[in-house]
Amino acid sequence: MNQKNILVLCTGNSCRSQMAHGYLKSLLGDRAMIYSAGIETHGLNPGAVAIMKEDGIDITGHTSNHVDEYDGIDWDYIITVCDHAYENCPFIAAPKAIRLHHNFFDPSKVKGSEEERHQAFQKARNEIRTYCEDFVKKEFS
């Protein structure tokens, strides 16, 4: 089986796309090259790093990348994880790519107590984990 190229795209490549990147890398190993990018770059969200660590996935080595940095890669899948990126992403030439979209809850927008923010990141992480597990079962089984 040829290694697949998967791009996970969000607005700022700081949170939701980073979590999906972490899960897909963990689930797929060397069966795919996982990239995540944004239509902007906002740096790695500390809440995303912490919530992924709770689930045993270390994303501290990830970087916040702009989608233009990956020009020329032959994509097999392009997954947008927020409506803003889906609606505003520049055209990505990828004639064979399967394009998927799911608007995940954005925990970085939640204000409140530390516990409320933690629960928000947990909710988003769990939604993303389930989506990634389902994606891998459907596309790689």
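Structure first, text after, so check above.
Just so it is clear, the model here is predicted, and its values are computed rather than measured.

A. Region of interest: the overall build of the protein chain. For the protein chain, the count of helices and strands is 4 helices and 4 strands. On C-alpha atoms alone, the protein chain measures out to a radius of gyration of 14 Å, which is about the 14 Å that the 2.2 N^0.38 rule sets for 141 residues. With respect to the three principal axes, the spread of C-alpha positions in the protein chain is 45 × 30 × 25 Å. Within the protein chain, residue pairs in contact and separated by at least 24 positions form 71% of the contacts whose partners lie at least 6 positions apart. Of the charged side chains in the protein chain, 15 are positive and 20 negative, and the gap between their average positions amounts to 3 Å.

B. Geometry of the sheet that holds strand E2 (residues 32-38). Strand order in the open sheet made by the 4 strands is E2-E1-E3-E4, with parallel pairing throughout. Two strands close off the open sheet at either side, each with one partner strand: E2 and strand E4 (98-101). Taking each pair of neighbouring strands and ignoring which way they run, the sheet shows an average axis angle of 20°. Strand direction decides the pairing type here: strand E3 (residues 77-80) and E4, joined by 4 bridges, are parallel. Residue pairing across strands places Tyr77 opposite Ile98, the latter belonging to E4. Sheet contacts for helix H1 (residues 16-28): strand E1 (4-10), E2 and E3; angle to E2, the most-contacted strand, approximately 180°.

C. Quick look at the nonpolar core. Counting residues in each nonpolar core, the largest one holds 42 residues, and the members touching the most others are Ile6, Leu7, Leu24 and Trp75. When residues of this core are traced back to their parent elements, those giving at least two are E1, H1, E2, helix H2 (46-54), E3 and helix H4 (114-140). At 8 residues, the largest contribution of residues to this core is made by H4. Among residues more than four places away in sequence, those in contact with Ile6 are Leu24, Leu28, Ala32, Met33, Ile34, Tyr35, Trp75, Tyr77, Ile79, Phe135 and Phe140.

Calculation rules
- Residues numbered from 1 in each chain as written.
- Predicted model: local features only at pLDDT ≥ 70, side-chain atom pairs only at ≥ 80, totals over all residues.
- Heavy atoms only, no water.
- Helix = DSSP H or I, 4+ residues; strand = E, 2+ residues; numbered from the N terminus.
- Rg over C-alpha atoms; globule rule 2.2 N^0.38 Å.
- Contact = heavy atoms within 4.5 Å.
- Lys, Arg positive; Asp, Glu negative; His and termini not counted.
- Charge placed at Lys NZ, Arg CZ, Asp CG, Glu CD.
- Pairing = 2+ DSSP bridges.
- Axes fitted to C-alpha atoms, helices over the stretch in contact; angles between N-to-C directions.
- Core = buried A, V, L, I, M, F, W, Y, C linked by side-chain atoms within 4.5 Å.
- Buried < 20%, exposed > 50% of the residue type's maximum accessible area, 1.4 Å probe, protein only.

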